[in-house]
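So the chains spell out like this:
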Amino acid sequence: MGIQSRLFGTDGIRGHANKEPLTPELAVSFGRALAAKFGQPGKPLVIGRDTRISGPMLEQAVAAGAAAMGVDVLLAGVVPTPAVAFLTRHLHGCAGVVISASHNPFEDNGLKIFKGDGMKCDDALELEIEALILGDDLRKQGVTGTQVGRIKIWPNGAARYAELAVKAYGHDLDLHGMRVVVDAGHGAAYETTPLVLRALGAEVLALNIEPNGININANCGSTHPELIQQATKDFGAQIGLAHDGDADRLICCDETGSLLDGDEMLAVIGLDLLKRGKLAKKTLVATVMSNLGLDECFAAAGGKIIRAGVGDRYVLEQMLAHDLNVGGEQSGHVILRDHNTTGDGLVTALELLRIIKTSGQPLSKLRLGMKKYPQLLVNVKVKERIPLDQLPEVTGLVQTIEKELGSNGRILLRYSGTEPKIRLLVETRDEALLQPTADRILASIKKHLAVV
């Protein structure tokens, strides 16, 4: 994670669509680079996208770049990010590309890569790809005549993926008699999640399933979970589900409308697997942002937590390094490696529904296994990301406060990997300490950093 990249952040290349760096010209070079790095005879580059207005523009540019290098391209259309990981493996692709900016507004977009095995690239591999994108060599290469790659559409991609997902993830899961609210956020899962749930027998109230290119994440989806909270109570549902724009994560609420974050979903799923002897090495992976209550409830149940850096690919790296099958983030990325190789909002939802169904207990009771420490997360927009090691006054204050808190709390200060923001997390046993502690650090940040 110490390697720095000019183009790639924590989750691919992201920015304002049609502005540097995320232009069609870069997307063509991106397609060329992937073809050069991953291209294999008879194996297509699989491309999926969310519902943003800029998606087809970037999709066509990436496809053109790959075809110019002689690699066939398969366009899956609008499908979730985890669907691309799944389809890249299922359709024997050389690699997969997701065109999405997740929970960001519609003006943004991004380019994410999956290798042929459905895994995300590590930092070193991203730097290799970046060198190919920014170099001149590939622009002088290409094929002609019958060697030019063919660009094909995978017909009815969302419906076909939903059919595959029912078979792959819904084995022996009968949701008849269950009511579920889904807020798709006008994003990539607007068809797939309702299709899968209904195919398994659930009665589904689907919200925000009319994308128009500019309404993705607009006052809906995982960043506005208040919609599912109310709808779940009104509909009498057992659970409410809210996706982000590319549906690789999930925020949910129980039948009372009370929200669960990623840590709480990890606790429900992890403790169930631990109880049934299906949690590898009695261990799951969380991140440095995860609540200390997660560590405590697993320790009490005879399990343990390993912490990774923020970003689901770093969670997966730790899962692979220790051969574990469950990991995730507080933001709602949950990786169930027995089913998929990346965060998958649909798989997470199905696993929660499975536990509710088989246990006979409501989610409001299942969640009681974890007691959360009070947390306060503050995001501050900055004009420039000055490395924290160049801000000794700020980091020194953080260290002083951590000593004051001792074992009763912790501080985490980091820059966002996808936005021009610095993030401050304060966690304490005593909720009354949260805001005063945050205010002390924020005052120092505003003194030494140019904030917007």
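A few points on the structure. (Residues numbered from 1 in each chain as written. Predicted model: local features only at pLDDT ≥ 70, side-chain atom pairs only at ≥ 80, totals over all residues. Heavy atoms only, no water.)

So, the pairing of strand E14 (residues 304–308)
- Strand direction decides the pairing type here: strand E13 (residues 283–287) and E14, joined by five bridges, are parallel. Within E14, the residue paired with valine 285 across the bridge is isoleucine 306.
- For the handedness criterion, the β-α-β arrangement of E13, helix H9 (residues 292–300) and E14 is classed as right-handed. (Pairing = 2+ DSSP bridges. Helix = DSSP H or I, 4+ residues; strand = E, 2+ residues; numbered from the N terminus. Right-handed = clockwise from strand over helix to strand, strands pointing away.)

A few points about the nonpolar core
- Counting residues in each nonpolar core, the largest one holds 61 residues, and the members touching the most others are Leu197, Ile239, Leu241, Cys252 and Leu294.
- In terms of residue count, the dominant contributor to this core is helix H11 (residues 345–359) (eight residues).
- Excluding residues within four positions of it along the chain, isoleucine 239 makes contact with Arg179, Val180, Val181, Thr232, Cys252, Cys253, Leu352, Leu353, Ile356 and Leu363.
- Among the nonpolar cores identified, the runner-up in size contains 33 residues, and Leu34, Cys94, Val97 and Leu138 belong to it. (Core = buried A, V, L, I, M, F, W, Y, C linked by side-chain atoms within 4.5 Å. Buried < 20%, exposed > 50% of the residue type's maximum accessible area, 1.4 Å probe, protein only. Contact = heavy atoms within 4.5 Å.)

Here's the deal with the sheet that holds strand E12 (residues 259–260)
- One open sheet holds the five strands; their spatial order is E9-E8-E10-E11-E12, and the pairing between them is mixed. With one partner strand each, in any of the chains shown, strand E9 (203–207) and E12 form the two edges of the open sheet.
- Judged from the five bridges that link them, strand E8 (residues 179–183) and E9 form a sheet pairing that is parallel. Looking at the pairing, arginine 179 lines up with glutamate 203 of E9.
- Strands E8, strand E10 (239–243) and strand E11 (250–253) of the sheet are contacted by H11, whose axis makes an angle of about 170 degrees with E10. (Axes fitted to C-alpha atoms, helices over the stretch in contact; angles between N-to-C directions.)

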